[in-house]
Amino acid sequence: MLTVLLSLLVAAGAVGASAYLRIKREAAAAPPNTPTTSAVPQGPVTCRVEPCSVMLATIIGSTKIELIADAGARSGRLRIGDDRLIEATITGRGAVLTPKSLHCTVGTLSACMIRGDVDGNAMIGEVVVGRSGKWSATGQQYLATGGYLSLANVRGDGAPEVVAVQRGYFAQVFTLDGAEIGCTAVVNKPDKLPGWPTVHPADNQLRKPCP
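I will try to describe carefully the structure that is included in this document.

Parameters and conventions
Residues numbered from 1 in each chain as written. Predicted model: local features only at pLDDT ≥ 70, side-chain atom pairs only at ≥ 80, totals over all residues. Heavy atoms only, no water. Helix = DSSP H or I, 4+ residues; strand = E, 2+ residues; numbered from the N terminus. Areas by Shrake-Rupley, 256 points an atom, 1.4 Å probe, with all protein chains shown as cover. Salt bridge = Lys/Arg side-chain N within 4 Å of Asp/Glu carboxyl O. Buried < 20%, exposed > 50% of the residue type's maximum accessible area, 1.4 Å probe, protein only. Disulfide = S-S within 2.5 Å. Phe/Tyr/Trp six-rings, centres within 6.5 Å; stacked < 30°, edge-to-face > 60°. Pairing = 2+ DSSP bridges. Axes fitted to C-alpha atoms, helices over the stretch in contact; angles between N-to-C directions.

Along the backbone of the protein chain there are one helix and 13 strands. Overall, the protein chain shows an N-to-C arrangement of helices and strands of α-β-β-β-β-β-β-β-β-β-β-β-β-β. When the accessible surface of the protein chain is split by element, carbon and sulfur atoms take 52% of a total near 9800 Å².

The following block contains the structure:
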């Protein structure tokens, strides 16, 4: 099933691990202040398949952001403020949402990643970005085979990058518009990656081509 899923992701423009998955694609700050998070938000829930629930909520500035999952957590959307809804596309690729599926960062460009588990041994994520109160999806999907997929300010410019750990193990870093920046050196255990358990390589630790 994972092989079929990967072929679909390639067709959709997703990026996977270069060596482990034989995929090479161009594909995306965690500043000192971080958004506050609550697992029990207030207000009505918007969904398509009942019963649905708000799996996680966070506040960026004065804007509440909620990850809403339908029954079975196999489809969902991001509700931004009172009326902005952005569909999660990763669920169409088999991703299952969990209470850890939403991760947001605040910076000159704020961003939220929606991520989900696939087949029990991989993760897929997508990013929604916000500036001056306007939020939009980037249209990119990211695949991690090493159990870690998140956002981090690798370049120190106030905007986050996508960090995907691939089996091997190495961290693959992308810009938010999907371009591959580079990868860390391969290690034999993920806990040897920079910053583990919050993987955060420095820009000068990245090299190309990736493994």
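Moving on from the coordinates now.
In this section: the pattern of salt bridges. Taken as a whole, this structure holds four salt bridges when the rule is applied. Across the salt bridge formed by Arg79 and Glu66, the nearest N and O atoms sit 2.5 Å from each other. Remark: Glu66 occurs in strand β3 (residues 63–69) and Arg79 occurs in strand β4 (residues 76–80); sequence separation between them is 13 residues. Take Arg79: its relative accessible area is 6%, and that puts it in the buried class. Accessibility expressed as a relative area gives 2% for Glu66, which makes it buried. For Asp70, the salt bridge goes to Arg77, with nearest N and O atoms at 3.1 Å.

Our focus in this paragraph is the state of the cysteines. Any covalent bond linking the sulfur atoms of two cysteines counts as a disulfide. Within the structure shown, the criterion is met by two disulfides. Covalent S-S linkage joins Cys183 and Cys210, the inter-sulfur distance amounting to 2.0 Å. Here Cys183 and Cys210 share a disulfide; its torsion about the S-S bond, 95°, makes the bridge right-handed. Taken together, the positions of Cys183 in strand β13 (residues 180–183) and Cys210 in the segment after β13 put the pair 27 residues apart, joining distant regions of the chain.

A word on the packing of aromatic side chains. Scanning all chains against the criterion turns up two aromatic pairs. Taking 5.4 Å as the distance between ring centres and 50° as the angle between the ring planes, the aromatic pair formed by Tyr142 and Phe174 counts as tilted. Of this pair, Tyr142 sits in strand β9 (residues 134–144) while Phe174 sits in strand β12 (residues 170–174), and the two are 32 residues apart along the sequence. The burial state of Tyr142 is the same as that of Phe174; both residues are buried.

For a regular strand, side-chain orientation follows a simple rule: the groups alternate between the two sheet faces. The buried fraction of strand β8 (residues 122–131) amounts to nine of the 10 residues, a majority that puts the element mostly inside the structure. Across nine bridges, the pairing between strand β7 (residues 110–118) and β8 is antiparallel. In the strand pairing of β8, Ile114 is matched with Glu126. From the end of β7 to the start of β8, which pair antiparallel, there are three residues, and Asp119 there has a positive phi angle of about 60°. Counting the residues that bridge the hairpin from β8 to β9 gives two residues, and of these Ser132 lies at a positive phi of roughly 55°.

This brings us to the sheet that holds β7. Overall, antiparallel pairing links the four strands, which are arranged β6-β7-β8-β9 in an open sheet. Strands with a single pairing partner mark the edges of an open sheet, and in this sheet they are β6 (102–105) and β9. Pairs of neighbouring strands in the sheet enclose a mean axial angle of 20°, with direction left out of account. Inspection of the sheet shows β6 paired to β7 by four bridges, in the antiparallel sense. Note on β7: the bridge partner recorded for Thr105 is Ala111.

Here we take up the sheet that holds strand β11 (residues 161–166). Ordered in space as β10-β11-β12-β13, the four strands form an open sheet in which the pairing is antiparallel. Taken across any chain shown, the strands that pair with only one partner, and hence form the sheet edges, are β10 (148–152) and β13. Direction aside, the axes of adjacent strands within the sheet are offset by 20° on average.

Worth remembering: the numbers are spatial, not functional.
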